[in-house]
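# Descriptive analysis of the structure
Here is what each chain is made of, one letter per residue.
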Amino acid sequence: MSLAIFDLDNTLLGGDSDHAWGEFLCEKGIVDSDEYRRANDYFYDQYKNGGLDIYEFLDFALRPLATLHKEKLNTLHQQFMAEKIEPIILPKALELLKNHRERGDYLLIITATNHFVTSPIANRLGVDAIIATDPEMIDGNYTGKVTGIPCFQEGKVTRLNDWLSANPYTLEDSYFYSDSHNDLPLLQLVTNPIAVNPDETLEAHANEHLWPVLDLR
């Protein structure tokens, strides 16, 4: 059994769930749409350019979770799944997951997007486990802050190593699929790094190092 690791946004999905959640909040009137959309787009551009301050972004992105009761959040997320996520689930990504599953591999999503947004998506995709950025909860409610190490850039390596220490898997004959140069620290650790619809920086690195490049779109 090999460990097959997958980034989520723009890899298994044909879009970014974090950015889409922000757009969804704007459309539903949960946040001030003009102000929030400007900030959401700003941080997304920072992410794509490799200059994202993850803590500044999380201070922004997690804040709405603290303003709503958990029941309301769960209702909103069900709508979000139907309206924003189902349309961007890629059939070729489902086939890729199926192929690894049939080989007996362990399927693990590792994503910088927070656990509230991504855990139901991971369940929908049928993977075995997910490692995501963790929003802080106190007495069953979100505080709007992050807890632990954000699952971003080198943080993905740290979080994965922590997970490996608690689970009976190794990186021997492992796979990691990602679209983003932000994931180069982890891509360089696995046995089989695969670029999926990569950004320009990752595509250049993949070509230079003869990594496979997949198109799941």
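Residues numbered from 1 in each chain as written. Predicted model: local features only at pLDDT ≥ 70, side-chain atom pairs only at ≥ 80, totals over all residues. Heavy atoms only, no water.

With that settled, consider the overall build of the protein chain. Secondary structure summary: the protein chain contains 10 helices and 7 strands in total. Here the protein chain has a C-alpha radius of gyration of 17 Å; the compact-globule value for 217 residues is 17 Å, and the two agree. Seen along its three principal axes, the alpha-carbon backbone of the protein chain occupies a region of about 45 × 35 × 30 Å. Counting all 217 residues of the protein chain, 53% fall into the buried class. Within the protein chain, residue pairs in contact and separated by at least 24 positions form 58% of the contacts whose partners lie at least 6 positions apart. Averaged over its 17 positive side-chain charges, the protein chain has a centre that lies 6 Å from the centre of its 35 negative ones. (Helix = DSSP H or I, 4+ residues; strand = E, 2+ residues; numbered from the N terminus. Rg over C-alpha atoms; globule rule 2.2 N^0.38 Å. Buried < 20%, exposed > 50% of the residue type's maximum accessible area, 1.4 Å probe, protein only. Contact = heavy atoms within 4.5 Å. Lys, Arg positive; Asp, Glu negative; His and termini not counted. Charge placed at Lys NZ, Arg CZ, Asp CG, Glu CD.)

So, about the packing of helix H5 (residues 70-85) against helix H7 (residues 115-125). Orientation of H5 relative to H7, taken along the N-to-C sense of each, is 55 degrees, at an axis distance of 11 Å. Considered as vectors, H5 and H7 are oriented oblique to each other. Along this stretch, H5 crosses H7, giving a crossing that reads as right-handed. When H5 is examined against H7, the residues Leu 73, Asn 74, His 77, Phe 80, Met 81 and Ile 85 are found in contact with a partner set consisting of Phe 116, Val 117, Pro 120, Ile 121 and Arg 124. Tallied by class, the residues present in the contact of H5 with H7 amount to 8 nonpolar, 2 polar and 1 charged. (Axes fitted to C-alpha atoms, helices over the stretch in contact; angles between N-to-C directions. Parallel < 35°, antiparallel > 145°, perpendicular 65-115°, else oblique. Left-handed = near helix turned anticlockwise from the far one by under 90°. Nonpolar A, V, L, I, M, F, W, Y, C, P; charged D, E, K, R; others polar.)

Here we come to the pairing of strand S4 (residues 141-147). Sheet topology places strand S3 (residues 129-138) next to S4; 4 bridges connect them, and they run antiparallel. Each residue of the ladder has a partner; that of Ile 138, found in S4, is Asn 141. Counting the residues that bridge the hairpin from S3 to S4 gives 2 residues, and of these Asp 139 lies at a positive phi of roughly 55 degrees. (Pairing = 2+ DSSP bridges.)

What follows concerns the pattern of salt bridges. Scanning the entire structure with this criterion turns up 10 salt bridges. Arg 37 is the salt-bridge partner of Glu 23, the closest N and O atoms lying 3.1 Å from each other. Taken together, the residues Glu 23 in helix H2 (residues 17-27) and Arg 37 in helix H3 (residues 33-49) connect sequence positions 14 residues apart. For Glu 23, a relative accessible area of 17% gives the class buried. Across the pair Asp 183 and Lys 156 runs a salt bridge, and its minimum N-O distance is 3.0 Å. Of the two residues, Asp 183 sits in the loop between strand S5 (175-178) and helix H9 (184-187) while Lys 156 sits in helix H8 (residues 154-166), which places them 27 residues apart along the sequence. The residues Asp 183 and Lys 156 share a single accessibility class, namely buried. (Salt bridge = Lys/Arg side-chain N within 4 Å of Asp/Glu carboxyl O.)

A few words on the packing of aromatic side chains. Scanning the model with the defined rule gives 16 aromatic pairs in all. An angle of 75 degrees between the planes, with centres 5.8 Å apart, marks the rings of Phe 116 and Tyr 142 as edge-to-face. Of this pair, Phe 116 sits in helix H7 while Tyr 142 is found in strand S4, placing the two residues 26 residues apart along the sequence. Looking at Phe 116, the relative accessible area reads 8%, which means it is buried. In this structure Tyr 142 comes out as buried when scored by relative accessible area, which is 15%. By way of ring pairs, the aromatic residues Trp 21, Phe 24, Phe 80, Phe 116 and Tyr 142 are connected into one cluster. (Phe/Tyr/Trp six-rings, centres within 6.5 Å; stacked < 30°, edge-to-face > 60°.)

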